[in-house]
Each structure stands twice: as structure tokens, then as C-alpha cells.
Amino acid sequence: MNIRIASEVPSGSGVLVRLVAKEECSKLSPAPTSKEFSAAVGSVLSDRSNGVLYVGIGDQSKIDGPSIRRAVSSAALIIRKLGKEKAALLLGDRVGFAEEAVEGFVLGGYRYEAFLPERRRTSAVSSLAVVVGKESVGTVRKAVFRGQILGDSANMAREIANTPGNLLYPETLVEKARGLCRRRGLKFRVLDATGLKKGGFGGILAVGGGSARGPRLLAIEHRGGRKGEHPLVLVGKAITFDSGGISIKPAAGMEEMIFDKCGGMAVLGAMDAIAALGVKRNVVGILAAAENMPSGEAYRPGDIVTMYDGTTVEVVNTDAEGRMVLGDALGWAIREFKAGKMIDLATLTGACGVALGEHAAGLWSNEAAFIEEVQEAASQSGERVWPMPSFEEYGTQIRSSVATLKNSGGWLGGACTAAAFLRSFVGATPWAHLDIAYTSHRSKDQEGLASGATGFGVRTLVRLAESV
Ligand code: BES
Ligand code: MN
Ligand code: ZN
């Protein structure tokens, strides 16, 4: 999308998006009834006669970055559905929110249409004018650039995340990541089955063993800091399809498990933006990619697996595969990359959805200050996270009588026992974990985002990398 900054609405610029606070409703002529248009955040009123799309931004006193982002993305989603190719976004004196507004416009305008028949495809906006006061034309440039990068990187992650398992599997994911790294000048490393065996990555090999499409472990390195600076390591679960394996899942809804790679896609999207923005610190992105399938070569309940760091794990449920691949990846982050801090993102447990619904990702950490840092980055991004408990008893629940750990502690506190499992691989390294099982994708258009992958985590990770 071509974005230009203007001090007046250029002629022929298509749909005009106007932000309207509740207090401003009465000033519109003709003034809409409250039934027609409430001006609540994300509500819209389109005036066909003059080509204006009014979008509500709520109470004047409560306007903030996230509400502007939400509102603009709702407008952009509508424009996408209308198939309009040109738009102008009138920011006026709300120029302080230009980054969030542009981010919202880019996010809202994305839809996964790769396999829709031609007649059901809609064209995206190709040209957007951001209209601000004359005095701001020069100063708003950086914010617009940032908003566009953050939105584009998230959409890139969503596009890959939306790609189904027959097309997107560890090997093809590697090719996507390799292309991205080439474009952005990022260092790229990949371990295939041979490298994984040599390195002793028992968890990833066990999970990937059942699939004809072998697992991969990827590392993407951004060197924005000084040499020797311990990196922030972003770790993502990238299960390209999760059938559950031998502990197979019920048929209903199993198609959703193409989204089990969303943690990895969040990391990939974040690395893309971190490189584009030239973030001045060292950041490493690690993706643990595997397909969890049942077969004659699949790992089985009862197996005892030796992980990368030497921990032994009794497999009690092959569907608890995310923690198996992540345990290896976290161990690698410490030993290979000397992680200063790390955060993992994973569609880890259905239990997290039971606890929080689809409105927030669960957040765990071994350091109180890190929880606050993640919360701050998430609130700036408009991505909800919620701190969850790490009682010692959760660790007791996953003790095995035949190995160091077992990979499931049963259904009680399932999201917390999964987090406890991960925690046992991080030692004293500051670490945080986001369970994004139910925030990573949507079954319908919602809150200004089209159905499918939401890109949850991409923008929070970027803002975190800029702040810690
Ligand atoms: N990928 C799933 C978690 C999931 C479930 C994500 C629903 C999104 C929607 C994960 O690998 C899984 O299967 N977890 C099990 C763990 C259990 C076997 C201990 C679960 O949540 O049931
Ligand atoms: Mn599973
Ligand atoms: Zn899974």
C-alpha cells in the first residue's frame, strides 16, 4: 500500500475516513440518531452521498492509541469488503496517534483470499492519504512509517499462519523464513533432521517423528546491539498442524489446528519488523517447527524422551506436543545464543481458553519486572495479556515416577502446569511465556480484524524488543 502524507484531502482520494468522538456526533450534519451511529469505538456510519465513512472513537476523554487503532481497523475492514482501492484518513488534531491509526488501517485491510474464486476476492486499498495539519506534515513521517511496518509485518505473519497444512509444513516454512531473512539482511540458521539428531533435540524429533514431513529448528538473528550483548530471544511454537498424534484429537474443529504455528509466526513477523525498524539491540528469533501426526513412526504415550538439555520426559499424552518442542528450543536459546532474556509464544493449551476466553493471552514469568514489561508493551499494542499464577504445586503435578518430568499434569490448571513445564527449561534466565491458544485466530470477522489468524504477538514483541 502506498501511503502519502498530505495537509489537504487530495482530489480523487476515494473513501474519506473521519474519526468521531461521542461528543462530536451532534456536530455532524445531519446529526445521526444514536441508533444510527453511537460513535462507540469501532462503530461506523457511512454517508454515501459524500463518500465519507465516519468511525467512532468513543468518549473524548478516553481516547488513546489502542482505541484509535481499533476504530481505524474497523473502518479499513469495511473498506476492504467494499473493495475500494483508494482512501484518505483524516487525522486532523489527532496526529499524535498517527502510528496507531496507520497500523490499524493496515491490519484492518487484510484478508486471506489466496484460494477464493476470483469473483469472491476484494481488492485492497492501494493508495492511502494520511491527512494532517500543515505543521505536522514533516513530523508525522516517522510515525506513519512505523505504523505501516508494524501492520505489514503482522499481516505477513497472518498470511503464512492462514496457509493450510498441506502447503505450509516445516520445510516450506523454512523457505518462507529464508526469503524474509534475505530481504531484510537477517542471519538465518536451520537444523533439519540430521542436525537435530546430532544436537540431541529429543523433543522436536519425537513430535516430528510421526509426519512424513520432517521437523526443523530455525534461528533468525538481528544484530542491532553491540557485539557480545546478550540477546533477547523470541521463541515460537510452530506446529504446522496438530492432529494430536497417537493421542488423536476429536474430528470436530480439528481444522483449526492449522493455527498451531501462530506462536512461531508471531516471532517471524516480529523479526521482520525489528529488522525493518533497525532496533538497536541484539534479538534472536527461534521457531520450533514440526507437524504432529499419528503414524507407525510417531512417538507414543509411555515413551521416555531425552530433551536437548538432558531432561527426561515421560510422554503421557502426545497431544501435549508444544511443550516438547519448546523445551528443546528454550534450552538451545540459553546454550547456543546465551539469551539475556527470553519470551516464548505458543498456542499451548485449550485450558488457557477456558481460563481467559479469547479476550486475553495468559502471561507467566519467572521475574516480576518482566511481567510488567510485557504488560506495558502489550497495552501499547492493544493486545490483551493477563498475568497467571506460577505456584510450586503446578510443578509437582508434572513430576514423573520414571523420568524428570511428564508432559501433562491432567486437566486441572492445564495452562499453569504447561507453563511450569516450560519453566523447568529456563534455569535462572529471565523468561516470559504467552499462551495464545485462543487469541491467535478468529472464526469470524471481529473487532476490525478479518477471520483467520490475528497476528497476535507480533506488535507486542517488537515494542518489547524496543523497551527491554
Ligand atoms: N495446540 C493445542 C492447544 C490448543 C487447543 C490451541 C485449542 C488452540 C485451540 C495443544 O497442542 C494441545 O493439544 N494441548 C492439550 C494439552 C493436554 C493434552 C495436556 C490441550 O489443551 O488439550
Ligand atoms: Mn496438541
Ligand atoms: Zn498444539
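Residues numbered from 1 in each chain as written. Chains lettered and ligands numbered in written order. Predicted model: local features only at pLDDT ≥ 70, side-chain atom pairs only at ≥ 80, totals over all residues. Heavy atoms only, no water.

Draft legend 1. Structural detail: the side chain of Glu229. Secondary-structure assignment places Glu229 in the loop between strand E8 (216–223) and strand E9 (232–242). Engagement of the side chain of Glu229 in a polar contact is seen with the backbone nitrogen of Asn282, the distance being 2.6 Å. (Helix = DSSP H or I, 4+ residues; strand = E, 2+ residues; numbered from the N terminus. Polar contact = N/O pair within 3.5 Å; in protein donor to acceptor, adjacent residues only side chain to side chain.)

Draft legend 2. Geometry of the packing of aromatic side chains. Overall, the coordinates contain five aromatic pairs when judged by the stated rule. Pairing Phe201 with Tyr308 gives two aromatic rings, centres 4.4 Å apart and planes at 15°, and the pair type is stacked. Within this pair, whereas Phe201 is found in the loop between helix H5 (193–199) and helix H6 (202–208), its partner Tyr308 is found in the loop between strand E11 (304–306) and strand E12 (312–314), the two being separated by 107 residues in sequence. In this structure, Phe201 and Tyr308 share a single accessibility class: buried. Ring centres of Phe391 and Tyr394 lie 5.6 Å apart, and the angle between their planes is 25°; on these two criteria the pair is classed as stacked. Since its relative accessible area comes to 15%, Tyr394 is described here as buried. These aromatic residues form a ring-pair network of at least three members: Phe201, Tyr308, Trp332 and Phe337. For Arg213, the ring lying beneath its charged end belongs to Tyr169, and the centroid distance is 3.9 Å. Over the aromatic face of Phe370 sits the side chain of Lys341, whose NZ or CZ is 4.6 Å from the ring centroid. (Phe/Tyr/Trp six-rings, centres within 6.5 Å; stacked < 30°, edge-to-face > 60°. Buried < 20%, exposed > 50% of the residue type's maximum accessible area, 1.4 Å probe, protein only. Lys NZ or Arg CZ within 6 Å of the ring centre and 35° of its normal.)

Draft legend 3. How the structure looks around the coordination of the manganese ion (ligand 2). All of the protein donors around the manganese ion (ligand 2) are Asp242 (OD), Asp319 (O), Asp319 (OD) and Glu321 (OE); their distances to the metal are 2.0 to 2.2 Å. Every donor counted, the six donor atoms about the manganese ion (ligand 2) form angles of 69 to 166° at the centre, which fits irregular coordination. On the primary sequence, the residues serving as donors to the manganese ion (ligand 2) are separated as D-x76-D-x1-E. In this model, the manganese ion (ligand 2) sits 3.1 Å from the zinc ion (ligand 3), the two metals being bridged by Asp242. Of the two residues, Asp242 sits in strand E9 while Glu321 sits in the loop between E12 and helix H8 (322–337), which places them 79 residues apart along the sequence. For Glu321, a relative accessible area of 0% translates into the label buried. (Donors = N, O, S within 2.8 Å, 3.2 Å for Na, K, Ca; no water. Tetrahedral: all angles 85-135°; square planar, octahedral: opposite > 155°, others 65-115°.)

Draft legend 4. Structural detail: the coordination of the zinc ion (ligand 3). Around the zinc ion (ligand 3), the protein contributes the donor atoms Lys237 (NZ), Asp242 (OD), Asp260 (OD) and Glu321 (OE), which lie 2.0 to 2.4 Å from the metal centre. Given six donor atoms and angles of 79 to 171° at the metal, the environment of the zinc ion (ligand 3) is assigned as octahedral. Read in sequence order, the donor residues coordinating the zinc ion (ligand 3) give the pattern K-x4-D-x17-D-x60-E. A relative accessible area of 2% places Asp260 in the buried class.

Draft legend 5. A look at the pairing of strand E5 (residues 86–92). In terms of burial, E5 is largely enclosed, as five of its seven residues are buried. Where strand E2 (residues 15–20) lies against E5, four bridges are found, and the strand directions are parallel. Of the residues in E5, the one forming a bridge with Val17 is Leu89. Relative to strand E6 (residues 127–132), E5 runs parallel, the two being bridged by six bridges. From the neighbouring strand, Gly92 faces E6, where its bridge partner is Val132. Where the polypeptide runs from E5 across helix H2 (residues 98–108) and back to E6, its parallel neighbour, the crossover connection is right-handed. (Pairing = 2+ DSSP bridges. Right-handed = clockwise from strand over helix to strand, strands pointing away.)

Draft legend 6. Broad picture of the environment of Ser390. Counting through the fold element by element, Ser390 comes out in the loop between strand E15 (385–387) and helix H11 (392–397). Non-local contacts of Ser390, meaning those with residues more than four positions away in its chain, are made with Trp364, Ser365 and Arg423. (Contact = heavy atoms within 4.5 Å.)

Draft legend 7. Examining unusual backbone geometry more closely. Along the chain, Ser29 connects to Pro30 via a cis peptide bond; the corresponding omega equals -5°. Within the secondary structure layout, Pro30 lies in the loop between E2 and strand E3 (44–47). Phi is positive for Ala39, close to 65°, though the residue is something other than glycine. By the secondary structure assignment, Ala39 is in the loop between E2 and E3. Of the residues examined, Ala39 reaches a relative accessible area of 0% and is grouped as buried.

Draft legend 8. Just the state of the cysteines, in detail. Under the criterion given, the structure shown has zero disulfides. With no disulfide partner, Cys181 has as its closest neighbouring cysteine sulfur the one in Cys262, 19 Å distant. Among the residues examined, Cys181 registers a relative accessible area of 2% and is labelled buried. Lacking any disulfide linkage, Cys416 is separated from the closest cysteine sulfur, that of Cys352, by 8.3 Å. (Disulfide = S-S within 2.5 Å.)

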